[in-house]
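# Remarks on the overall topology
Chain residues, written in single-letter form:
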Amino acid sequence: VQLVESGGDLVQPGGSLRLSCAASGLTISNYAMGWFRQLPGKEREWVAAVGWNGGSTRYADSVKGRFAISRDNAKNMVYLGMNSLKPEDTAVYFCNAVVGTPTTWVNVLDTWGQGTRVTVSS
(Lines give C-alpha, C1' and ligand atoms only; values in the text may rest on other atoms or scores of the structure.)
Protein backbone atom coordinates (compact mmCIF):
# COMPACT_ATOMS: atom_id res chain seq x y z
CA VAL A 1 0.00 0.00 0.00
CA GLN A 2 1.26 3.45 -0.90
CA LEU A 3 -0.28 6.83 -0.15
CA VAL A 4 1.19 9.89 -1.88
CA GLU A 5 0.04 13.33 -0.82
CA SER A 6 0.67 16.45 -2.88
CA GLY A 7 -0.44 20.02 -3.35
CA GLY A 8 1.01 21.66 -0.27
CA ASP A 9 2.57 25.09 -0.61
CA LEU A 10 3.30 28.41 1.05
CA VAL A 11 0.16 30.53 1.02
CA GLN A 12 -0.88 33.81 2.59
CA PRO A 13 -3.58 33.96 5.28
CA GLY A 14 -6.98 33.87 3.66
CA GLY A 15 -5.68 31.90 0.70
CA SER A 16 -6.72 28.55 -0.72
CA LEU A 17 -5.12 25.24 -1.62
CA ARG A 18 -6.24 21.87 -2.89
CA LEU A 19 -4.44 18.79 -1.62
CA SER A 20 -4.46 15.46 -3.42
CA CYS A 21 -3.87 11.91 -2.20
CA ALA A 22 -3.08 9.11 -4.64
CA ALA A 23 -3.54 5.59 -3.31
CA SER A 24 -2.00 2.47 -4.79
CA GLY A 25 -2.21 -1.12 -3.61
CA LEU A 26 -5.50 -0.17 -2.00
CA THR A 27 -9.00 0.07 -3.44
CA ILE A 28 -10.26 3.17 -1.69
CA SER A 29 -13.89 2.44 -2.59
CA ASN A 30 -13.77 -0.20 0.14
CA TYR A 31 -13.02 2.40 2.80
CA ALA A 32 -14.01 5.68 4.30
CA MET A 33 -11.06 8.00 3.70
CA GLY A 34 -9.74 10.89 5.69
CA TRP A 35 -7.15 13.60 6.09
CA PHE A 36 -4.97 14.19 9.12
CA ARG A 37 -2.43 16.87 9.91
CA GLN A 38 0.56 17.19 12.16
CA LEU A 39 1.29 20.65 13.45
CA PRO A 40 4.84 21.53 14.50
CA GLY A 41 5.60 19.91 17.83
CA LYS A 42 2.17 18.26 18.05
CA GLU A 43 0.72 14.80 17.48
CA ARG A 44 -1.09 13.98 14.27
CA GLU A 45 -4.77 14.96 14.41
CA TRP A 46 -7.79 14.06 12.36
CA VAL A 47 -9.11 16.82 10.04
CA ALA A 48 -11.79 15.42 7.71
CA ALA A 49 -13.45 12.19 6.61
CA VAL A 50 -15.56 11.13 3.63
CA GLY A 51 -17.74 8.03 3.31
CA TRP A 52 -16.98 5.29 0.80
CA ASN A 53 -19.21 6.80 -1.89
CA GLY A 54 -18.59 10.45 -1.06
CA GLY A 55 -22.11 10.89 0.23
CA SER A 56 -21.23 11.87 3.77
CA THR A 57 -18.49 14.07 5.15
CA ARG A 58 -17.27 14.98 8.63
CA TYR A 59 -14.90 17.71 9.81
CA ALA A 60 -12.98 18.67 12.87
CA ASP A 61 -14.44 21.82 14.44
CA SER A 62 -11.25 23.73 13.66
CA VAL A 63 -11.76 23.40 9.89
CA LYS A 64 -15.54 23.15 9.57
CA GLY A 65 -16.89 25.57 6.97
CA ARG A 66 -13.43 26.17 5.46
CA PHE A 67 -12.26 22.75 4.25
CA ALA A 68 -14.01 20.31 1.90
CA ILE A 69 -13.05 16.67 1.46
CA SER A 70 -13.94 14.76 -1.70
CA ARG A 71 -12.98 11.57 -3.48
CA ASP A 72 -12.82 10.02 -6.94
CA ASN A 73 -13.02 6.25 -6.55
CA ALA A 74 -12.45 5.67 -10.27
CA LYS A 75 -9.08 7.42 -9.97
CA ASN A 76 -8.35 6.11 -6.47
CA MET A 77 -7.85 9.70 -5.34
CA VAL A 78 -8.88 11.74 -2.31
CA TYR A 79 -8.84 15.55 -2.17
CA LEU A 80 -8.95 18.28 0.44
CA GLY A 81 -10.04 21.76 -0.60
CA MET A 82 -8.83 24.37 1.86
CA ASN A 83 -10.19 27.92 1.94
CA SER A 84 -9.75 30.88 4.29
CA LEU A 85 -6.48 29.42 5.46
CA LYS A 86 -5.10 30.56 8.80
CA PRO A 87 -1.57 30.47 10.21
CA GLU A 88 -2.73 27.76 12.63
CA ASP A 89 -3.46 25.50 9.63
CA THR A 90 0.30 25.30 9.05
CA ALA A 91 1.10 21.57 9.20
CA VAL A 92 2.05 18.49 7.26
CA TYR A 93 -1.11 16.88 5.86
CA PHE A 94 -1.61 13.13 5.41
CA CYS A 95 -4.37 10.89 4.07
CA ASN A 96 -5.38 7.41 5.22
CA ALA A 97 -8.32 5.06 5.29
CA VAL A 98 -10.37 5.83 8.39
CA VAL A 99 -12.92 4.41 10.78
CA GLY A 100 -15.13 6.40 13.10
CA THR A 101 -15.03 6.21 16.89
CA PRO A 102 -17.47 7.83 19.33
CA THR A 103 -15.34 10.97 19.46
CA THR A 104 -13.19 11.13 16.34
CA TRP A 105 -11.89 9.25 13.31
CA VAL A 106 -8.76 7.14 13.35
CA ASN A 107 -6.53 5.65 10.69
CA VAL A 108 -7.13 2.11 9.48
CA LEU A 109 -3.76 1.58 7.81
CA ASP A 110 -0.45 1.53 9.66
CA THR A 111 1.16 2.85 6.46
CA TRP A 112 1.50 6.62 6.08
CA GLY A 113 2.75 8.65 3.17
CA GLN A 114 5.36 11.38 3.53
CA GLY A 115 2.65 14.00 3.68
CA THR A 116 2.47 17.38 2.02
CA ARG A 117 3.50 20.57 3.82
CA VAL A 118 1.15 23.52 4.06
CA THR A 119 2.56 26.78 5.34
CA VAL A 120 0.24 29.73 5.93
CA SER A 121 2.20 32.90 6.44
CA SER A 122 2.40 36.45 5.21
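First things first, this report covers the structure right here in the doc.

## Details of the sheet that holds strand S8 (residues 77–82)
The strand order across the open sheet built from 4 strands is S1-S3-S8-S7, with neighbouring strands paired in antiparallel fashion. Strands with a single pairing partner mark the edges of an open sheet, and in this sheet they are strand S1 (2–6) and strand S7 (67–72). Going from strand to strand, the sheet's axes swing by 15° on average, the running direction of each strand aside. Sheet topology note: the S1/strand S3 (residues 17–24) ladder contains 5 bridges and is antiparallel. By the bridge assignment, Gln2 is partnered in S3 with Ser24.

## Comments concerning the side chain of Thr116
One can find Thr116 in strand S11 (residues 116–120). Looking at Thr116, its side chain comes within polar contact range of the main-chain nitrogen of Gly8, at 2.7 Å. Excluding its chain neighbours within four sequence positions, the residues that come into contact with Thr116 are Glu5, Ser6, Gly7, Gly8, Leu19, Ala91, Val92 and Tyr93.

## Structural notes on the nonpolar core
As a rule of thumb, nonpolar side chains are buried together in soluble globular proteins. Trp35, Phe67, Ile69, Leu80, Met82 and Tyr93 are the most contacted members of the largest nonpolar core, which totals 29 residues. Within the residue set of this core, elements represented by two or more residues are S3, strand S4 (32–38), strand S5 (44–50), S7, S8, strand S9 (91–100) and S11. The next biggest cluster of nonpolar side chains, apart from the first, holds 6 residues, and it includes Ala32, Phe36, Ala49 and Val98.

## As for the pairing of S11
On any regular strand, side chains alternate: one points to one face of the sheet, the next to the other face. Taking every second residue as pointing to the same face, the buried face of S11 carries Thr116, Val118 and Val120, while none of Arg117 and Thr119 on the other face is buried. Sheet analysis places strand S2 (residues 10–11) next to S11, joined by 2 bridges and oriented parallel. Counted as the bridge partner of Leu10 is Thr119 from S11. As paired strands, S9 and S11 are joined by 3 bridges and run antiparallel to one another. For Tyr93, the partnering residue across the bridge sits in S11 and is Thr116.

Cut-offs and rules
Residues numbered from 1 in each chain as written. Predicted model: local features only at pLDDT ≥ 70, side-chain atom pairs only at ≥ 80, totals over all residues. Heavy atoms only, no water. Pairing = 2+ DSSP bridges. Helix = DSSP H or I, 4+ residues; strand = E, 2+ residues; numbered from the N terminus. Axes fitted to C-alpha atoms, helices over the stretch in contact; angles between N-to-C directions. Polar contact = N/O pair within 3.5 Å; in protein donor to acceptor, adjacent residues only side chain to side chain. Contact = heavy atoms within 4.5 Å. Core = buried A, V, L, I, M, F, W, Y, C linked by side-chain atoms within 4.5 Å. Buried < 20%, exposed > 50% of the residue type's maximum accessible area, 1.4 Å probe, protein only.

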